[in-house]
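Structural description and commentary
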Amino acid sequence: MHIERFGSFHTDLGECPMWDGEKLWMMDCRKGLIVSLDQNGAVTLQAEVPAPAGSFALRQGGGLVVALRDEVILIDPDGSRQTVGRLEVHHPNMRLNDGAAMPDGSFILGTMHTLRAPGEAPLGGIYRLGTDHSFTRIGPALGVANGPLIHPASGLFTICDSTARRAESYEFAADGTLGPAQLYADFTALNSPPDGCCLDDEGGFWTALVTASALVRLDAAGQVTQRIDVPVKHAAALCFGGPDLSDLYLTTISDSGRLKADGPLDGAVLKITGHGRRGLPLDLYQG
């Protein structure tokens, strides 16, 4: 296995990596920058949005869907923008966080509510932006929502709560609603919250251990089957990419506001090869 820096782009808070078949996309949430990196790591700025931003996805017809602090916007290929969803509750310590396009063409995202008093329940929820631009709350508020995805074999929707150090799964109905939560994995013994997540083509669930300098792969029972230690303090999010989806790309953190690191690779994008896994094609938002 080989780990190397991919390009020279440096982030404060690197998140949401995704491979579109030709290039790697990602976001610096703290700076509000959405960029793409070609196969040599050269950077092209694709959009600049108000910071802090939460997440984004590519749209099937071109352009982007982007979660900002408390609203979701569409950016068209010509650069025009429109708001398609807003949080119904506002709080200085709560905002939209991680999100991703789903196999049904929707965009699902969750909130984060930090600096809560002991016993204080989080505000927000899990939200779905439909292909018709309907914006609905479909699930409960989490401390810090990360890594939403749908398993292609089971059809289960899974999302992490980084604050609680656990991932939960839900039955995902055809109308986009969620069934009751069931525990998928508890990360307490791994000494780190989970952050960004992705799947490999055998159904393995991958996540970045944001305070343990590692990536892990879990099986269907939520048990670790593979671990990759990485030379950064805070691994943030990951995706498969490259010509045959056999490369792993990892975004990292140098200064999220709460997490800071100043090592030579902190804030860099890393490319990991020789790990023996392949990914799945990217889902796009179809609205």
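Residues numbered from 1 in each chain as written. Predicted model: local features only at pLDDT ≥ 70, side-chain atom pairs only at ≥ 80, totals over all residues. Heavy atoms only, no water.

1. Focus: unusual backbone geometry
Put simply, the rule is: Note on conventions: DSSP H or I runs of at least 4 residues are helices, E runs of at least 2 residues are strands, and numbering of each starts at the N terminus. The buried label applies to any residue whose accessible area, calculated with a 1.4 Å probe on protein chains only, is under 20% of its type's maximum; exposed applies above 50%, and partly exposed to all values in between.
With an omega of 0°, the peptide bond between Ala 51 and Pro 52 qualifies as cis. If you trace the backbone, Pro 52 turns up in the loop between strand S5 (43-48) and strand S6 (55-58). The backbone phi angle of Leu 115 is positive, close to 55°, even though this residue is not glycine. Along the polypeptide, Leu 115 turns up in the loop between strand S11 (107-113) and strand S12 (126-129). For Leu 115, a relative accessible area of 69% translates into the label exposed. The phi angle at Arg 165 is positive, at roughly 60°, despite the residue not being glycine.

2. Focus: the UniProt feature "binding site: a divalent metal cation" (unreviewed entry) in the protein
Which entries qualify depends on this criterion: UniProt positions are given in the numbering used here, feature names are shortened, and annotations may be inferred rather than shown by experiment. Residue contacts are counted whenever heavy atoms from the two residues lie within 4.5 Å of one another. Each polar contact in these results corresponds to two N or O atoms within 3.5 Å; when the atoms are within protein, one needs to be able to donate a hydrogen and the other to accept it, and residues that are neighboring in sequence are counted only if both atoms are side-chain atoms.
Taken from the UniProt record, the annotation "binding site: a divalent metal cation" (unreviewed entry) applies to Glu 15, Asn 146 and Asp 195. For this annotated set, covering 181 residues, all C-alpha atoms fall within 10.3 Å of each other, a compact arrangement in space. Of note, Asn 146 is situated in strand S14 (residues 145-150). Excluding its chain neighbours within four sequence positions, the residues that come into contact with Asn 146 are Asn 97, Asp 98, Ile 159, Cys 160, Ser 162, Pro 194 and Asp 195. A distance of 3.4 Å separates the side chain of Asn 146 from the side chain of Asn 97, its partner in a polar contact. Note that Asp 195 resides in strand S18 (residues 194-199). With relative accessibility at 6%, the residue Asp 195 sits in the buried group.

3. Some remarks on the pattern of salt bridges
As a reminder, the rule being used: Any Lys or Arg side-chain nitrogen located within 4 Å of an Asp or Glu carboxyl oxygen qualifies as a salt bridge.
Inspection of the entire model under this criterion finds 13 salt bridges. With its nearest N and O atoms 3.0 Å apart, the salt bridge here joins Arg 166 to Glu 168. Judged by relative accessible area, Arg 166 falls into the partly exposed class, the value being 28%. With relative accessibility at 18%, the residue Glu 168 sits in the buried group. Its salt-bridge partner being Arg 227, residue Asp 229 comes within 2.9 Å of it at the nearest N-O pair. Through salt bridges with shared partners, one network takes in Asp 200, Glu 202, Arg 217 and Arg 277.

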